[in-house]
Amino acid sequence: MIKRNEEGFTYLAALFLVAILSASLAGTGVIWSMQQQREKERELLFIGNAFRNAIGTYYQKTPGTIKRYPNSLDDLLKDNRQLVTTRYLRKIYKDPFTGTEKWGLIRAPDGGIMGISSLSANEPIKKYFEQESADFIGTKKYSDWHFVYLPSTNSLINNNLKK
């Protein structure tokens, strides 16, 4: 026989168990979400640096003395300016945050593309960066991460001396 004061104990224990499981699942979800965002940040840094390097190589390999940036990102896939076709990228990478191949284009004074940026307005988790990405410190959104190729001062001086 069940005593009157023990009724509902199992129900109450089940409620506490559901509450504890829900809280732990919510915490796991937050951690998983942050881990996914950090992975996308690493991917964006890798892809952005790949674009920056490809733009730099395209710029440096311009035939003649006047260096030019690519007119479109497709120019990085297939460069027909020389006798042998050169490919600086295998494909136009997708932005890990937007999931599209559409990028913010940073134009050079001559109209070419000197860099790219994400189109995401999300706030980054990463706050500290290596030397080549030090410009990203203090940025408020991923679209502020500009992966730009700027010719070094030494190469500009050397090009002017050759003229």
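All of the points below concern the structure found in this document. (Residues numbered from 1 in each chain as written. Predicted model: local features only at pLDDT ≥ 70, side-chain atom pairs only at ≥ 80, totals over all residues. Heavy atoms only, no water.)

## What to know about the pairing of strand β1 (residues 104-107)
Part 1 of the argument: Residues Gly104 and Ile106 line the buried face of β1, whereas the alternating positions Leu105 and Arg107 sit on a face that is not buried.
Part 2 of the argument: Here β1 pairs with strand β2 (residues 113-117) via four bridges, running antiparallel. When the bridges of β2 are listed, isoleucine 106 appears paired with glycine 115.
Part 3 of the argument: Hairpin connection of β1 to β2: five residues between the antiparallel strands, including glycine 111 at a positive phi of 95°. (Buried < 20%, exposed > 50% of the residue type's maximum accessible area, 1.4 Å probe, protein only. Helix = DSSP H or I, 4+ residues; strand = E, 2+ residues; numbered from the N terminus. Pairing = 2+ DSSP bridges.)

## A word on the environment of asparagine 49
Part 1 of the argument: Along the polypeptide, asparagine 49 turns up in helix α1 (residues 9-60).
Part 2 of the argument: Sequence separation of asparagine 49 and histidine 146 is 97 residues, and the distance between their C-alpha atoms is 9.9 Å.
Part 3 of the argument: Only 3.0 Å separates the side chain of asparagine 49 from the backbone oxygen of leucine 45, close enough to count as a polar contact.
Part 4 of the argument: Within the structure, asparagine 49 has its side chain in polar contact with the side chain of arginine 52 (distance 2.7 Å). (Polar contact = N/O pair within 3.5 Å; in protein donor to acceptor, adjacent residues only side chain to side chain.)

## What about the pairing of β2?
Part 1 of the argument: Of all five residues making up β2, five are buried, and the element is well covered by its neighbours.
Part 2 of the argument: Pairing between β2 and strand β3 (residues 146-148): three bridges, direction antiparallel. What sits directly across from isoleucine 116, in β3, is phenylalanine 147.

## Thoughts on the packing of aromatic side chains
Part 1 of the argument: All chains considered together, the criterion is met by seven aromatic pairs.
Part 2 of the argument: Residues tyrosine 142 and tryptophan 145 carry aromatic rings whose centres are separated by 5.1 Å and whose planes lie at 80° to one another, so their mutual orientation is edge-to-face.
Part 3 of the argument: Sitting above the plane of the tyrosine 58 ring, arginine 81 keeps its charged end 3.6 Å from the centroid. (Phe/Tyr/Trp six-rings, centres within 6.5 Å; stacked < 30°, edge-to-face > 60°. Lys NZ or Arg CZ within 6 Å of the ring centre and 35° of its normal.)

## Side note on the pattern of salt bridges
Part 1 of the argument: This model, assessed by the stated rule, comprises three salt bridges.
Part 2 of the argument: Of the charged contacts, one joins arginine 81 and aspartate 79 as a salt bridge, the two residues approaching to 2.8 Å between their closest N and O atoms.
Part 3 of the argument: When its relative accessible area of 2% is taken as the criterion, aspartate 79 is described as buried. (Salt bridge = Lys/Arg side-chain N within 4 Å of Asp/Glu carboxyl O.)

## Details of the environment of alanine 54
Part 1 of the argument: When you line up the elements, alanine 54 lands in helix α1.
Part 2 of the argument: Note: C-alpha distance between alanine 54 and leucine 77 (23 residues apart in sequence) is 9.3 Å.
Part 3 of the argument: Residues in contact with alanine 54, not counting those within four places in the same chain, are Leu76, Tyr88 and Leu89. (Contact = heavy atoms within 4.5 Å.)

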